[in-house]
Amino acid sequence: MLELRSLTAGYDRRDPVVRDVSLTVAAGESVGLLGPSGCGKSTLARVAALLHQPDRGQVVIDGEPARGWRHRAPRAQRTAFGVVFQQPRLSADPRLTLTQLVAEPLRATGRAVEVPDRIRELARTVGLGEDLLGRRPHEVSDGQLQRACLARALVLRPRWLICDEMTAMLDASTTAALVSAVETYRADSGAGLLAVGHDKVLLERWCDRTVHWDELARS
Amino acid sequence: MADTRSPQAEASQTDPATQVTWRSATGRAAAGTRRSSRSTRAWRVWSSAAIVAAVVLAVLIVPPLVDLDEQAVHLADKLLPPSLSHPFGTDDVGRDLLLRCVYGLRVSLLVGVVAAVVATVIGTAVGALAAASGGWVDRVVMRLVDVFSSVPHLLLGIFIVAMFRPGVWPVVISVALTHWLSTARIVRAEVLSLRSRPYIDAAISGGASRWRVTLRHLLPGVLPQAGLAAVLMVPHAIWHESALSFLGLGLPTHQASLGTLVQGARSSLLAGDWWPTLFPGLFIIVPTLAIAGLAGAWRDRINPRRRSELML
């Protein structure tokens, strides 16, 4: 269970973007978080993935409170989350090939031996052709790059997936492919999902339940 | 550029409708000067490249190839004006100036390149450390950088040189220790801007340690900037070496370096002998401007919005 307990967060202590918001995602559950742009849902997603330190409040992962943020979070807690960001261009290091991009978390956690097998398996899961794997981010389209970013998020088999507007930049067929890749992974692993977006139709079809930002902020 | 302009110019004379200007304001302002400035720039790059190539060949090939002693004194030949046997003339103890200039340039280039590399390594390490750590480490380190840069370079350099016996390495240390500050600032700013990119978030989420993020993602991102800073530093370091030697603090006077050559020739200048100062002076100016010209062209390539200027 992933619990966000009365979080207040933002980039200026006097004017937080997220005020006293609580949200719970049960194990294996998928929750869609809807809201207009600029309301703070991405900030909430970053806090949930331990990438942004909240001013107040707590993130509790399977009964254990988060023990730090960003680098200070224990590696086991950090890697429990797979994060996919809105803009694939910005979330891929331009110097790495797609293979290196996907393999990076494995290498960073000292599991380089698993790289070839996992890459082959994940390329199939997210629908990346062999010929694309050797290319660098500027040589592939946004959709292809986002597939690689999803593969990177899945490579450590996280227990939680945080998709922050994962499909906002993409066409309908890529959106469908990515969503089905996420769902395949969740069916296999029983991972929970927090999908943030503003596409009501998509999130309502995709997720077990959707929450509107206004309801969260009011409670 | 000329080809695209002339049909339009003709059309605008014949057809009133095309007299409406469609070029952007910046395009209009630049249209008159662009052609000449582009060819000037190409000329500058190629002449710089030719000079740098010639200089590097000269300092690499001449000393091992010609077995001449640049320190050999021939008092009978002192202060000969430029001639066929001594193209740059001779100095006040009869040493051949061309040979001494080449040897001097060799020493100055060595000092310049080594000092620039050392300064860039120090600056990159400090800048990356400050930016990657953030918080109080960043504040303390950068205030120290401010304090160091508030002391004039030359003064600090003199202080450092004065602690050692005269020689090449004290000069290298002195130039390197006074020139890493600007690189540290550049690298810190670059790392700070890279650090907030989502791919760093993704790396953290993928379990990367602080070290791994810095070495794998941040430093490779600042390498082009740091490399450019290093090349721009070379002429600066050469001037600094010349200045220290000119003040009598750098290399011992018998050892040819561009600074000691100019310094030694000052007395003969008053007697009307111009060549012992002119040629070493040209050897300081021309190669360093050529290196700066090449570095400027490189900077224009990687950052076209900022036109090159010398980093003086």
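An unreviewed UniProt entry lists chain B under the name ABC transporter permease, from Streptomyces flavofungini. UniProt, in the comment section headed Subcellular location (unreviewed entry), describes chain B in these words: "Cell membrane". If you open the UniProt record of chain B and go to Sequence similarities (unreviewed entry), you find "Belongs to the binding-protein-dependent transport system permease family."

The name given to chain A in an unreviewed UniProt entry is ATP-binding cassette domain-containing protein, and the organism recorded there is Streptomyces flavofungini.

J.: Summarise helix 3 (residues 98–108) of chain A; cite the residues concerned and give the values.
T.: Burial runs high along helix 3 of chain A: 8 of the 11 residues are buried. Within helix 3 of chain A the residues assigned to the buried category are A:L98, A:L101, A:V102, A:A103, A:E104, A:P105, A:L106 and A:A108. Tucked into the core, helix 3 of chain A has its buried residues touching helix 2 (75–78), helix 4 (115–126), helix 5 (130–133) and helix 6 (142–154) of chain A together with helix 8 (210–246) of chain B. After helix 3 of chain A finishes, the residue A:G110 shows a positive phi value of roughly 75°.

J.: Please give an account of the UniProt feature "transmembrane region" (unreviewed entry) in chain B that cites residues and values.
T.: All names here are of chain B. According to UniProt, the positions carrying the feature "transmembrane region" (unreviewed entry) are residues 45–66, 107–132, 144–162, 168–187, 218–239 and 278–298. Counting secondary structure, residues 107–132 comes out at 100% helix and 0% strand; the distance between its end C-alpha atoms is 37 Å. Across residues 218–239, helical content stands at 100% and strand content at 0%; the span's end C-alpha atoms are separated by 32 Å.

J.: Describe the sheet that holds strand 4 (residues 56–61) of chain A, with residues and values.
T.: Residues and elements named next belong to chain A. Across the sheet, 4 strands lie side by side as 2-1-4-5; this open sheet has antiparallel pairing. Edge positions in the sheet fall to strand 2 (18–25) and strand 5 (64–65), since each of these pairs with one other strand and no more. As paired strands, strand 1 (residues 2–9) and strand 4 are joined by 5 bridges and run antiparallel to one another. Considered in strand 4, the bridge of L2 is made with I61. Along the sheet face, helix 1 (residues 41–48) touches strand 1, strand 2 and strand 4 and points at about 125° away from the line of strand 1.

J.: Describe the interface of chain A and chain B, listing the residues and the values that go with them.
T.: Many structure descriptions define interface size as the accessible area lost when the parts assemble. Listed as interface residues are 26 residues of chain A and, on the opposing side, 20 residues of chain B. Carbon and sulfur atoms supply 52% of the area that chain A and chain B bury against each other, a total of about 2000 Å² over both sides. Summed over the shared surface of chain A and chain B, the number is 4 salt bridges. Across the pair A:E104 and B:R216 runs a salt bridge, and its minimum N-O distance is 2.8 Å. Our count for the contact surface shared by chain A and chain B stands at 11 residue pairs in polar contact (both at pLDDT 80 or more). Residue contributions to the side of chain A that touches chain B peak at 5 residues, all from helix 3 of chain A. Broken down by class, the residue content of the side of chain A that touches chain B amounts to 11 nonpolar, 5 polar and 10 charged.

J.: Go over helix 5 (residues 153–162) of chain B with me, naming the residues and quoting the values.
T.: Residues and elements named next belong to chain B. Among all positions of helix 5, only L156, G157, I160 and V161 are buried. Angularly, the buried residues of helix 5 cover 135° about the axis, an arc narrow enough to put them on a single face. In helix 5, the exposed residues that point more than 90 degrees away from the buried face are L155, F159 and A162. Buried residues along helix 5 sit in contact with helix 4 (135–150), helix 6 (168–195) and helix 8.

Criteria and cut-off values
- Residues numbered from 1 in each chain as written.
- Chains lettered and ligands numbered in written order.
- Predicted model: local features only at pLDDT ≥ 70, side-chain atom pairs only at ≥ 80, totals over all residues.
- Heavy atoms only, no water.
- UniProt positions renumbered as here; feature names shortened; annotations may be inferred.
- Buried < 20%, exposed > 50% of the residue type's maximum accessible area, 1.4 Å probe, protein only.
- Helix = DSSP H or I, 4+ residues; strand = E, 2+ residues; numbered from the N terminus.
- Contact = heavy atoms within 4.5 Å.
- Pairing = 2+ DSSP bridges.
- Axes fitted to C-alpha atoms, helices over the stretch in contact; angles between N-to-C directions.
- Buried area = accessible area lost by both parts, 1.4 Å probe.
- Salt bridge = Lys/Arg side-chain N within 4 Å of Asp/Glu carboxyl O.
- Polar contact = N/O pair within 3.5 Å; in protein donor to acceptor, adjacent residues only side chain to side chain.
- Nonpolar A, V, L, I, M, F, W, Y, C, P; charged D, E, K, R; others polar.
- Arc of directions from axis to C-beta.

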